[in-house]
Amino acid sequence: MNFYLELAIKMVVIFAMVPVTALVTGYAELKLSSHMQSRIGPYYAGVRWGWAQLIADGVKFLQKEDIIPDNADRPVFSLAPVMVMISTVAVFMVIPFGSSGYAIGRNVDMGIFYAMAISSVGTLGVLMAGWSSGNKYSLIGGLRAGGQLIAYELPLVLGVVGVIIQAGTLSMQGIVEAQIAQGWPFAFTQFVGLFLFLIAALAEMNRTPFDMPIAESELVTGFLTEYSGFRFLFFFLAEYANIFAYSAIAATLFLGGWGFWGVSAAWAGPFILVAKTFALSFVVIWFRWTFPRFREDQLQSLAWRWLVPLALANIAVTAILKVVI
Amino acid sequence: MNVDPMMHLADAAISLELETPEMTLNVGPQHPSTHGVLRLKARIDGERIIDVDPVIGYMHRGYEKLAEVRTYPQIIALLNRIDWVSGYANEIPFVVGAERLMEVEPPPRAQYIRLILTEMARIASHFLFMASYPMELGAASPFFFAFRERERVLDLIESVTGGRFHPNFNRVGGVKPAAGAGSTTKTVIQDLPAGFYAETRIAMDKVLAVCDELDDLIVGNEILHARTKGVGVMTAELAASYGVSGPNLRASGVEFDLRRTEDYLPYEDFDFWVPTGENGDCYDRYVMRVHEIRESAKMILAAIDGIPSGPIIAKVPKVIKLPKGEIYMRAESPKGEVGYYLVSEGGTGPYRLVVRTASFSNVSVLPVLLEGVLVPDLVAIFGSFDFVLGDVDR
Amino acid sequence: MTIGIGLLKGLWVTFSTMFTKPVTVMYPDVKEVPVDRARGVIALDEDACTSCMLCARQCPDWCIYIEGHKEEKPPSKPGGRPRNRAVLDRFDIDYALCMYCGICVEVCPFDALFWSPEYEYGELEMESLLHDKAKLGEWLQTVPEPPALEDR
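Now for a look at the structure at hand. Please read all numbers here as calculations on a predicted model, not as lab measurements.

**Brief notes about the packing of aromatic side chains**
Counted by the stated rule, this structure contains 38 aromatic pairs over all chains. Look at Phe-282 of chain A and Trp-286 of chain A: their rings are 5.5 Å apart centre to centre, the planes differ by 25 degrees, and that puts the pair in the stacked class. Taken together, the residues span about one helical turn, with Phe-282 of chain A and Trp-286 of chain A both in helix α11 (residues 268-288) at a distance of four residues. Given a relative accessible area of 17%, Trp-286 of chain A falls into the buried group. Within the aromatic cluster, the residues linked to one another by ring pairs are Phe-282 and Trp-286 of chain A together with Trp-12, Phe-15 and Phe-19 of chain C. Over the ring of Phe-385 of chain B we find Arg-285 of chain B; its NZ or CZ atom is 4.5 Å from the centre of that ring.

**Some remarks on the interface of chain C and chain A**
With 16 residues of chain C in contact, the opposing surface of chain A contributes 20 residues. Both sides together, the interface formed by chain C and chain A hides about 1,600 Å², and carbon and sulfur atoms give 74% of it. Counting every contact that joins chain C to chain A gives zero salt bridges. Connecting chain C to chain A are five residue pairs in polar contact (both at pLDDT 80 or more).

**Observations concerning the sheet that holds strand β2 (residues 39-45) of chain B**
Ordered in space as β1-β2-β3 (chain B), the three strands form an open sheet in which the pairing is antiparallel. Each having just a single partner strand, β1 (23-27) and β3 (48-55) of chain B make up the two edges of the open sheet. Neighbouring strand axes in the sheet, compared pairwise and without regard to direction, differ in orientation by 20 degrees on average. Inspection of the sheet shows β2 of chain B paired to β3 of chain B by seven bridges, in the antiparallel sense. Note on β3 of chain B: the bridge partner recorded for Ala-42 of chain B is Val-52 of chain B. Helix α6 (residues 136-167) of chain A rests against β1 and β2 of chain B of the sheet, and its axis sits at about 105 degrees to β1 of chain B.

**Observations regarding a negative patch on the surface**
Judged by side-chain charge, Glu-105, Asp-263, Glu-268 and Asp-269 of chain B come together as a negatively charged surface patch. Position of Asp-263 of chain B among the secondary structure elements: in the loop between α11 (258-261) and α12 (282-305).

**Topic: the pattern of salt bridges**
All names here are of chain B. Scanning the model with the defined rule gives 39 salt bridges over all chains in all. The residue Asp-212 makes a salt bridge to Arg-294 at a minimum N-O spacing of 2.9 Å. Here Arg-294 lies in helix α12 and Asp-212 lies in helix α7 (residues 196-219), a separation of 82 residues in the sequence. Arg-294 gets classed as buried once you look at its relative accessible area, which sits at 16%. The salt bridge partner of Lys-298 is Glu-295, with a shortest N-O separation of 3.6 Å. Here the residue Lys-298 and the residue Glu-295 both occupy positions in helix α12, the gap between them amounting to three residues, near one helical turn. A single salt-bridge network, built from bridges that share partners, covers Glu-119, Arg-122, Arg-250, Asp-257, Arg-259, Glu-292 and Glu-332.

**Considerations on unusual backbone geometry**
Note that the residue after Tyr-27 of chain C, namely Pro-28 of chain C, is joined by a cis bond; omega there is 0 degrees. Not every positive phi belongs to a glycine, and Glu-103 of chain B is a case in point at roughly 60 degrees. Here Glu-103 of chain B lies in the loop between α4 (87-102) and α5 (108-137). If you check the backbone angles, Trp-62 of chain C has positive phi at about 50 degrees while not being a glycine. A residue is classified by how much of its surface remains accessible, and Trp-62 of chain C, at 45% relative accessible area, is partly exposed.

**With respect to the sheet that holds strand β7 (residues 336-344) of chain B**
Residue and element names in this part refer to chain B. Here three strands make up an open sheet; going across it, the order is β6-β7-β8 and the pairing antiparallel. Looking at strand neighbours, the two that pair on one side only are β6 (325-333) and β8 (352-356), the edges of this open sheet. Within the sheet, the average angular offset between the axes of one strand and its neighbour, ignoring direction, is 10 degrees. With five bridges connecting them, β7 and β8 associate as antiparallel partners. Paired with Val-343 across the two strands is Arg-352, which belongs to β8.

**Notes on the interface of chain C and chain B**
Between chain C and chain B, the contact holds 37 residues from the first and 52 residues from the second. Counting the surface lost from both chain C and chain B, the interface buries some 3,400 Å², and carbon and sulfur atoms represent 53% of this. Counting across the chain C and chain B interface gives two salt bridges. The partner of Lys-9 of chain C in a salt bridge is Asp-216 of chain B, and the shortest N-O contact between them spans 3.8 Å. Between the two partners, chain C and chain B, sit 13 residue pairs in polar contact (both at pLDDT 80 or more).

**What to know about the pairing of β7 of chain B**
Residues and elements named next belong to chain B. Among the nine residues of β7, eight are classified as buried, and the element is accordingly described as predominantly covered. Note that β6 and β7 share nine bridges and pair antiparallel. Bridging across to β7, Gly-325 finds its partner in Ser-344. The loop that links β6 with its antiparallel partner β7 comprises two residues.

**Quick look at a nonpolar patch on the surface**
Nonpolar side chains collect at one region of the surface, where Val-317, Ile-320, Leu-321, Val-323, Val-324 and Ile-325 of chain A lie side by side and expose about 650 Å² of accessible area between them. Looking at the element boundaries, Val-317 of chain A is found in helix α12 (residues 296-324).

**Some thoughts on the side chain of Lys-335 of chain B**
Among the secondary structure elements, Lys-335 of chain B is positioned in the loop between β6 and β7. A distance of 2.9 Å separates a polar atom in the side chain of Lys-335 of chain B from a polar atom in the side chain of Ser-125 of chain B.

Conventions used here
Residues numbered from 1 in each chain as written. Chains lettered and ligands numbered in written order. Predicted model: local features only at pLDDT ≥ 70, side-chain atom pairs only at ≥ 80, totals over all residues. Heavy atoms only, no water. Phe/Tyr/Trp six-rings, centres within 6.5 Å; stacked < 30°, edge-to-face > 60°. Helix = DSSP H or I, 4+ residues; strand = E, 2+ residues; numbered from the N terminus. Buried < 20%, exposed > 50% of the residue type's maximum accessible area, 1.4 Å probe, protein only. Lys NZ or Arg CZ within 6 Å of the ring centre and 35° of its normal. Contact = heavy atoms within 4.5 Å. Buried area = accessible area lost by both parts, 1.4 Å probe. Salt bridge = Lys/Arg side-chain N within 4 Å of Asp/Glu carboxyl O. Polar contact = N/O pair within 3.5 Å; in protein donor to acceptor, adjacent residues only side chain to side chain. Pairing = 2+ DSSP bridges. Axes fitted to C-alpha atoms, helices over the stretch in contact; angles between N-to-C directions. Patch = residues over 30% accessible without salt bridge, like charges linked within 9 Å, V, L, I, M, F, W, Y side chains within 5 Å. Areas by Shrake-Rupley, 256 points an atom, 1.4 Å probe, with all protein chains shown as cover. Lys, Arg positive; Asp, Glu negative; His and termini not counted. Charge placed at Lys NZ, Arg CZ, Asp CG, Glu CD.

Here it is, written out as structure tokens:
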């Protein structure tokens, strides 16, 4: 069909999908974390099992008063949540949900490169939020976030390079097809890359054990302190959609994406990908509720002194083996 | 010119001193992790703290003035609110001091009941620490595990005394004898209720099991080791010079436990281990309390087996009047040394009561320890001291 | 900094807790029953009270307000002298001040005050927490039997 019509429909679908994934991931976090702590979690919202809890929370946030502190830098303050949300939504454009051309926003030839690049725009949003709030706690949180996010970009990207070498292509659809062609997912050979990607993704999402920027017990939510109402909702949705996005990228790169042994039906692709994504999201949620957080300097030394050399070694070994084998 | 390019690169250095002003960060009275309303005026340079000035007094309730116009039973009802986390342990030194002044010896059953309830208060207080300290470091789940077990201990205290946090069970001469003073309520003895021994055994077994579970979840965790080992090292001389007491002092290697040196409860009938640490860092302070929970649980199990029978209060007059005199009595509460200096002029109430609390001295060493550490360590260090603001400000 | 077995043990603890039954009590459909000695509210037996004022005097917060008057009763034997009886006009306890210490219950020489484990008496205003003798008398029904004691 017409290119522009197709593009418009895909954009509408993605803009609708992002809040839905955010709500589902958020609900999963609420319920999983409560059962890990021997309690029930949301129960009464939505007649039973509390599935409407986050929808109710969303409506509550929407009707709150829009408070901007006097000291805050108004244009930057208002723009920061938008930047974080945009960087999350843009990643969804290149995640392949199935084999046909309609199951992916646009099969960009350098899909993974685009995804890594656009997701780091979120760093700017966090720095803007921390700086413009006019609050010392936010400033500390924002600067910590800046340092952390820049430090963990490297292991994130380098962890992926191994997969790219092994697949021979940068496009996301091409990586999935390479895994289907060879019959086993890249996690078997690129387990170091998977490990690095998961840890770096946790740091990119500002989640425990790397949630120094938010650090509730010291900084009272860090760079998010002065945000309330609709703007906080943006950050909140962006965080949970980010979990889904990074898990989906990891599932595509390392776990085989929408392919599964013996399943060739076209409609099964999205379900398989979503299942793998939720498995990885569970791991992300599990880590958050079990571990304490790293201190800022320990976090930085972990990234620069351990993860980056490990990533470089992984690339070297992969490249050598690719040529040899 | 023979210039080796590698040597040139190695010698190049950017020497640029950036002038960064320091910032005053008010870790204010309202904060998620100061245990109450403690204000720390911290001057920080980037992430490093230059100095810290604690401001206390936001919770001053005037206990010493209140004690001047109250009678002895009324004061006992007020004292368990000083350190509300371990309610029972605050009443003990006052009541034992009053008994010493009056030269009344509580019967052995009353002393054993007091010991059981004090050790339960110790377990409750240390479980609260084990819940809140990992929360300050970022792990949110141990909070719920520890509070679940704390509920069991509080239920036991409630079944005996009627109150969870404020037992109000001590009387001069023993423990609370009867439900009232009328002809029928006089016969309702407030001894241990039926089923107490069985329930206590179950609860203490669960407490010991949960200590092992929390060991797996927290104490063995490498991230926690990285956050707390070597952080906030307090030498024994520093601790002793500031009057720090309790597990904080023992973590620095000083083997000093008032349960052994003061003779206020029959601790010598029990064989318990007083743990001491080696380094005096946050990790040692944490592990001290885990060991103390285990020792208290074992002591309670031994006390239940060996409790003597008999009356639960000695013969004392209805209206307590202490003779003229003064006494300072101290005891080992979960936070440290709690002492009461009681001056009596022979009335129904004291002439003067001075309250020496553990957390006040524990907090006074903070400015020394917090110099030059990073901001996240600020929270780790003062969290490991386990103070409560009611104890600091009285 | 090696990532080792301690982290995995921690993960196992939270994972296995996910499959145990939560300890939540679904209040208000299911209510926890407090123990018999729990100090909830103070109940008053109006007929037993003689307005001796001991409870009001001993209260650390002075939250009990008592007013009474004397009434004449017929003599116990015909031809004897008339006797007086104290009748309560007002016995209010201000639960906003009450410390729940129990000193009033303990010193009453006439068995007029009792503890009851009732805890659902919340109000929307502070003034409504001043309960009069009618309400205190109602709570007398909730006073449990004293629990049995341990054998040894």
